[in-house]
Amino acid sequence: MRGINQQSLRIKVSFLCETEVEVGISGQCYLYTNTYFLPSFHFNLPTINAFLLPHTSFLAPHLFLESYLNCPNFAPMNLAAELDTSIFHLISEASQKLNLKSYVIGGYVRDLLLKRYSKDIDIVCAGSGIRLAEEVARMNGRDTSVTVFKNFGTAMLKIGDTEIEFVGARKESYRRESRKPIVEDGTLEDDQLRRDFTINALALSLNKENYGELIDPFDGVKDLKKKLIKTPQDPDVTFSDDPLRMMRAIRFASQLGFDINPESFDSIQKNKERIDIVSKERVTDELNKIILSNPPSYGFKLLFYSGLLEIILPEMVKLHGVETIEGKSHKDNFFHTLQVLDNVSKESDNLWLRWAAILHDIAKPQTKRFEPKHGWTFHGHEDLGAKMVPQIFSKLKLPLNEKMQFVKKLVRLHLRPIALVKDDVTDSAIRRLLFEAGEDIEDLMRLCNADITSKNYDRVKRYMANFRKVEKKMQEIEEKDKLRNFRPALDGEDIMKIFNIPPGREVGVIKNEIKEALLDGLVPNEYGTLYQYAVNVGKKLGLTVNSKN
Ligand code: ATP
Ligand code: MG
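The present account deals with the structure reproduced in this document.

What counts and how
Residues numbered from 1 in each chain as written. Chains lettered and ligands numbered in written order. Predicted model: local features only at pLDDT ≥ 70, side-chain atom pairs only at ≥ 80, totals over all residues. Heavy atoms only, no water. Helix = DSSP H or I, 4+ residues; strand = E, 2+ residues; numbered from the N terminus. Buried < 20%, exposed > 50% of the residue type's maximum accessible area, 1.4 Å probe, protein only. Contact = heavy atoms within 4.5 Å. Areas by Shrake-Rupley, 256 points an atom, 1.4 Å probe, with all protein chains shown as cover. Near = heavy atom within 4 Å. Polar contact = N/O pair within 3.5 Å; in protein donor to acceptor, adjacent residues only side chain to side chain. Pairing = 2+ DSSP bridges.

Focus on the overall build of the protein chain
Argument step 1. In terms of helices and strands, the protein chain carries 26 helices and 21 strands.
Argument step 2. Here the protein chain holds 549 residues, and the buried ones make up 49% of them.
Argument step 3. Long-range contacts, defined here as pairs at least 24 residues apart, represent 62% of the contacts in the protein chain between residues at least 6 apart.
Argument step 4. Accessible surface computed for the protein chain: about 27800 Å², of which carbon and sulfur atoms make up 49%.

The structure is reproduced here in structure tokens:
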């Protein structure tokens, strides 16, 4: 029995739908909402239409679509109520005026059925998509702007927050060396066939005679119910034509928590090398969407087992595997990394923090040693890992700006908080870390916390307890010293004035000594004290104080 879990209403509803519908919660035949308690339901399908549909407002709003999804016999499906908005009626009228048929298609329809509201609408029509877009814009009023992409035969219209893309139904054929198809006019079904997955090939009619009717020649609804990513035609054709679809398959599986059907998955394994004809930017776009899905480890396992990960991010695959010497094994750093990634993802949607989790141990394979006394060590993996970040970012065409610097910093510092878990840790060591991490200290602590994984529960508990102690100490010192946006009260300009010297090595030396003294807590951060301190250091360097001061 499958169901939905609606947290807002705290209900769990399941439908068994042959000739009857049964509504139950936790195995009982009751439906709870926060305001209503309804005893056992047994409905036949006409009753659903007559009684339940008009009352969607007091019942769980998603109930009825779910009921349709779970009713294999319920066809044809009409979702006119879902298309009862001015935009769709406008497109419908414009199509009628131009005497052409139009349909909502693709992601919007899929998301409607899954109740994931999407802002972008794709419209396909039998005829010119550009003409239809222009007509809709005209009817909507003068200030509606249309962007026409003549080369692609598409047009985009923005109404309020909604972006609507128009395209004429088309048939596509591909050449082996390119993922750019040769396009010719086609029927709605041709157009549905060129779509990547059955769940992305659903169309809803905007035509008067069957407004809202679902057109689903490839059983997309059935696959939505089965939570399955499947290609509408032979997967070898779909994936070989446009290999980006392999990444999209895994991305949708990861975003929606769906399976990929076995034939399609086998075909991804078979066609994986063809990912090379896709631009890095497009691949990375999909990879980032996988990273942002929850839990991201699922998408990564699909990438790993399909063989795609080896091609797009081989450094990560090198983390896989366990070596044993003298009965001592290290952990599998690939699966450990995935767990760290899932752990940070529970705490944060920040793509770059997630990237830091992916890359935090990336240099472990290169730094791995077996030392008979200590077992496995990975000395220096944090520094080498940080050095690898710009190379990996550049290869994947990720930004090389402050986002990359952030990831690099977190990889470099990821061991530091846990190294502070010693009874004799000095305030100075904590101050130094706060200073180095600066504004990113919270994210660093999140990463470090997420990095505490072990199969041994007691060990994790012990580490966590120690970790909390470090956190507390950090808070105390941060409150006292305000190190986050830390700036010495006396800067390089001041030093140059004090000694009347130009910029140069001496200024750097004095600045550094001041910073060290501050971090060691030897001097307070006040101008007068730092002035005196600078004078003393300068004297040692053979400098004299400018008499004009
Ligand atoms: P999302 O917007 O969440 O990424 P989506 O399904 O809307 O999901 P888009 O990239 O916006 O994805 O594409 C819209 C529709 O166009 C898809 O639902 C699918 O029908 C079709 N489509 C997009 N890319 C491809 C492709 N590479 N091959 C075949 N069909 C595609
Ligand atoms: Mg979309």
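Having put the structure on the table, let's press on.
A closer look at the site of ligand 1
Argument step 1. Taken together, 14 residues surround ligand 1, and among them Arg110, Arg195, Asn200, Asp242 and Arg245 come closest.
Argument step 2. One of the backbone nitrogen or oxygen atoms of Gly107 is found 2.9 Å away from an oxygen atom of ligand 1.
Argument step 3. Contact with the protein chains covers 74% of the free accessible surface of ligand 1, which is 570 Å².
Argument step 4. Within the residue set of the shell around ligand 1, elements represented by two or more residues are helix H4 (107–114) and helix H9 (244–256).

Considering the pairing of strand E10 (residues 154–159)
Argument step 1. Here E10 lies mainly inside the structure; five of its six residues are buried.
Argument step 2. Pairing between strand E9 (residues 146–149) and E10: four bridges, direction antiparallel. Considered in E10, the bridge of Val148 is made with Ala155.
Argument step 3. Two successive antiparallel strands, E9 and E10, enclose a turn made up of four residues, where Gly153 displays a positive phi of approximately 65°.
Argument step 4. Counted along the chain from E10 to the antiparallel partner strand E11 (residues 162–168), the turn is two residues long, and its residue Gly160 has a positive phi close to 60°.

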